[in-house]
Amino acid sequence: MRKPDGKIVLLGDMNVGKTSLLQRYMERRFPDTVSTVGGAFYLKQWRSFNISIWDTAGREQFHGLGSMYCRGAAAIILTYDVNHPQSLFELEDRFLALTETANNDCLFAIVGNKVDLTMERAAEGGEKEGPASGKAVSCVSSKVSKQVHPEDAMALYKKILKYKMLDEKEMPAAEQMCFETSAKTGHNVDLLFETLFDLVVPMITRQRAEESSQIVDIASCKTPKQTRSGCCA
Ligand SMILES: Nc1nc2c(ncn2[C@@H]2O[C@H](COP(=O)(O)OP(=O)(O)OP(=O)(O)O)[C@@H](O)[C@H]2O)c(=O)[nH]1
Ligand SMILES: [Mg+2]
């Protein structure tokens, strides 16, 4: 098997939907999942590059493995559940420290999953009227209002850049790197992965160019003339 050219890692608390997002993207379906044990990866061919995408376990007992999976990562997808604020806090508290082993110029995406479970703002207003209007409230939705807003994710993104001492002007903007997704409906899932692939490919190309410029042509190196050592011959 050819060695992958780049690595992307999904991190985040258990149950936020990391495995489901990856399966939605790679297999175009939303199957039943079981909580991940350890980690697993898919290989994605993007243009002429081979990118590995690693799914990790969110369960606390596997936490120690996280930094191993992040080693050499070109991008990390920090995933939370838009209905559980704690899952966003955990990203900063528990998961950010695991990314120390990633590349120095590693990209970060912050992904709020399960938006399909939240109430559409448009559906809240519009047609819906109270008893005083004489119109019945037409639909009773089982959806709940969103607990975490995109601004919270963008604030975390900016915080991460500061923490990593990355220059905000040189990194992609928060608006580009914070996503709300649904692995169930597929909402924004392709956009998430393909935005990252398009950002990671130039990094791989740059890295290769740097590596090849550092290769020393041994054949062209002349053997230095034998000189007598010592200073007082
Ligand atoms: N409604 C809805 N449910 C989702 C979505 N994504 C995942 N789920 C459900 O959430 C549960 C957990 O999903 P997983 O993908 O296994 O979560 P995980 O983050 O991989 O969890 P760990 O492997 O334990 O870290 C499953 O029951 C999924 O079906 C989504 O976008 N919408
Ligand atoms: Mg999983």
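In this report, the structure presented in the accompanying data block is examined. (Residues numbered from 1 in each chain as written. Chains lettered and ligands numbered in written order. Predicted model: local features only at pLDDT ≥ 70, side-chain atom pairs only at ≥ 80, totals over all residues. Heavy atoms only, no water.)

**As for the nonpolar core**
If you look at the biggest cluster of nonpolar residues, it comprises 57 residues, and the most contacted ones within it are Ile8, Ile76, Ile110, Tyr157 and Phe193. By residue number, the principal contributor to this core is helix α7 (residues 189–213), which donates nine residues. (Core = buried A, V, L, I, M, F, W, Y, C linked by side-chain atoms within 4.5 Å. Buried < 20%, exposed > 50% of the residue type's maximum accessible area, 1.4 Å probe, protein only. Helix = DSSP H or I, 4+ residues; strand = E, 2+ residues; numbered from the N terminus.)

**Some details on the coordination of the magnesium ion (ligand 2)**
At the metal site, the magnesium ion (ligand 2) is ligated by Thr19 (OG1) and Thr36 (OG1), and these contacts range over 2.0 to 2.1 Å. Pair noted here: Thr19 is in helix α1 (residues 18–27) and Thr36 is in the loop between α1 and β2 (39–46), with a separation of 17 residues, a long-range link. Classification of Thr19 by relative accessible area gives buried; the value is 16%. On the accessibility criterion, Thr36 (16% relative accessible area) is buried. (Donors = N, O, S within 2.8 Å, 3.2 Å for Na, K, Ca; no water.)

**Observations concerning the side chain of Ser52**
Among the secondary structure elements, Ser52 is positioned in strand β3 (residues 49–56). Only 3.4 Å separates the side chain of Ser52 from the side chain of Trp54, close enough to count as a polar contact. Once you skip the residues sitting within four places of it in the chain, Ser52 turns out to touch Pro4, Gly6, Lys7, Ile8, Phe41, Tyr42 and Leu43. (Polar contact = N/O pair within 3.5 Å; in protein donor to acceptor, adjacent residues only side chain to side chain. Contact = heavy atoms within 4.5 Å.)

**Examining the sheet that holds β3**
Read across the open sheet, the six strands follow the order β2-β3-β1-β4-β5-β6; overall the sheet is mixed. Of all strands in the sheet, those bounded by a partner on one side alone are β2 and β6 (178–180). Neighbouring strand axes in the sheet, compared pairwise and without regard to direction, differ in orientation by 20° on average. As judged from the five bridges shared by strand β1 (residues 6–12) and strand β4 (residues 75–81), these two strands associate in the parallel manner. Looking across to β4, one finds that Leu11 is bridged to Leu78. Its contacts with the sheet place helix α3 (residues 85–95) against β1, β4 and β5 (107–113), and it is angled at close to 140° to β4. With respect to the sheet, α7 is in contact with β1, β2, β3, β4, β5 and β6, its orientation differing from that of β3 by roughly 125°. (Pairing = 2+ DSSP bridges. Axes fitted to C-alpha atoms, helices over the stretch in contact; angles between N-to-C directions.)

**What to know about α3**
Three or more residues of α3 are buried, namely Ser87, Leu88, Glu90, Leu91, Arg94 and Phe95. What you see down the axis of α3 is that its buried residues fit within an arc of 160°, all on one side. Turning to α3, the residues buried within the fold contact β1, β4, β5 and α5 (150–163). (Arc of directions from axis to C-beta.)

**Thoughts on the packing of aromatic side chains**
One pass over the full model with this rule turns up five aromatic pairs. Residues Trp46 and Phe197 carry aromatic rings whose centres are separated by 5.1 Å and whose planes lie at 45° to one another, so their mutual orientation is tilted. You can see Trp46 sitting in strand β2 and its partner Phe197 sitting in helix α7, a full 151 residues away along the chain. Taking relative accessible area as the criterion, Trp46 reaches 14% and is therefore assigned buried. The structure contains a cluster of three or more aromatic residues connected by ring pairs, namely Tyr25, Trp46, Phe193 and Phe197. (Phe/Tyr/Trp six-rings, centres within 6.5 Å; stacked < 30°, edge-to-face > 60°.)

**What about the site of ligand 1?**
Close to ligand 1 lie 21 residues; Lys18, Ser20, Thr33, Ser35 and Asp116 are nearest. Thr19 has a polar side-chain atom sitting 2.8 Å from an oxygen atom of ligand 1. For ligand 1, whose unbound accessible area comes to 650 Å², protein coverage reaches 86%. The leading source of residues in the shell around ligand 1 is α1, at three residues. A class-by-class count of the residues in the shell around ligand 1 yields six nonpolar, ten polar and five charged. (Near = heavy atom within 4 Å. Areas by Shrake-Rupley, 256 points an atom, 1.4 Å probe, with all protein chains shown as cover. Nonpolar A, V, L, I, M, F, W, Y, C, P; charged D, E, K, R; others polar.)

**Points about the environment of Leu11**
Of note, Leu11 is situated in strand β1. Residue Leu11 is classed as buried on the basis of its relative accessible area, which comes to 1%. On a C-alpha basis, the gap between Leu11 and Phe95 in space is 6.9 Å, while along the polypeptide they are 84 residues apart. In contact with Leu11, other than residues within four places in its own chain, are Lys18, Thr56, Cys70, Ile76, Ile77, Leu78, Thr79, Leu91, Phe95, Leu98 and Thr99.

**Some points on the pattern of salt bridges**
One pass over the structure, following the stated rule, counts twelve salt bridges. The closest approach of N and O atoms between Asp190 and Arg28, which form a salt bridge, is 2.8 Å. Of this pair, Asp190 sits in helix α7 while Arg28 sits in the loop between α1 and β2, and the two are 162 residues apart along the sequence. You can call Asp190 partly exposed: its relative accessible area is 29%. For Arg28, a relative accessible area of 49% puts it in the partly exposed group. For Lys164, the salt bridge goes to Glu100, with nearest N and O atoms at 3.9 Å. Of the two residues, Lys164 sits in the loop between α5 and α6 (174–177) while Glu100 sits in the loop between α3 and β5, which places them 64 residues apart along the sequence. (Salt bridge = Lys/Arg side-chain N within 4 Å of Asp/Glu carboxyl O.)

In short, shape yes, function no, at least from these values alone.
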